[in-house]
Amino acid sequence: MKELKIVSMVKVNGAWVNQEDIPAEEFKEMLEKKLNETMQNIGFERIKTA
């Protein structure tokens, strides 16, 4: 029986990278930036709280 391994890959500067290879804080910042950009593209504006 073959073992199934699921990994989270993200594209960084045009190359696929395993999410586990990116420091957690750096990944958090990258994800936040991309989500903000995407939301602005569809007309949403983020309201920053405390």
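That block above? That's the structure.
Fair warning: this is a prediction, and the values are worked out from it, not measured in the lab.

Description of the pairing of strand E1 (residues 9-12)
Looking at chain direction, E1 and strand E2 (residues 15-18) are connected through 4 bridges and run antiparallel. Bridging across to E2, Val12 finds its partner in Ala15. The loop that links E1 with its antiparallel partner E2 comprises 2 residues; one of these, Asn13, has a positive phi angle of about 50 degrees.

Some remarks on the environment of Gln40
Checked against the element boundaries, Gln40 lands in helix H1 (residues 24-41). Judged by relative accessible area, Gln40 falls into the exposed class, the value being 56%. Between the C-alpha atom of Gln40 and that of Val12, which follows or precedes it by 28 residues, the distance is 20 Å.

Quick notes on the side chain of Asn18
Tracing the backbone shows Asn18 in strand E2. A polar atom in the side chain of Asn18 sits 3.1 Å from the backbone nitrogen of Glu20.

Overview of the pattern of salt bridges
Scanning all chains against the criterion turns up 2 salt bridges. Note that Arg46 and Glu32 form a salt bridge whose closest N and O atoms lie 2.9 Å from each other. Pair noted here: Arg46 is in the segment after H1 and Glu32 is in helix H1, with a separation of 14 residues, a long-range link. Overall, the relative accessible area of 43% leaves Arg46 in the partly exposed class. Relative accessible area serves as the criterion here: at 33%, Glu32 is assigned to the partly exposed category. Of the charged contacts in the structure, one is a salt bridge between Lys34 and Glu37, with a shortest N-O distance of 3.0 Å. Of this pair, Lys34 and Glu37 both sit in helix H1, separated by 3 residues, roughly a single helical turn.

The rules behind each value
- Residues numbered from 1 in each chain as written.
- Predicted model: local features only at pLDDT ≥ 70, side-chain atom pairs only at ≥ 80, totals over all residues.
- Heavy atoms only, no water.
- Pairing = 2+ DSSP bridges.
- Helix = DSSP H or I, 4+ residues; strand = E, 2+ residues; numbered from the N terminus.
- Buried < 20%, exposed > 50% of the residue type's maximum accessible area, 1.4 Å probe, protein only.
- Polar contact = N/O pair within 3.5 Å; in protein donor to acceptor, adjacent residues only side chain to side chain.
- Salt bridge = Lys/Arg side-chain N within 4 Å of Asp/Glu carboxyl O.

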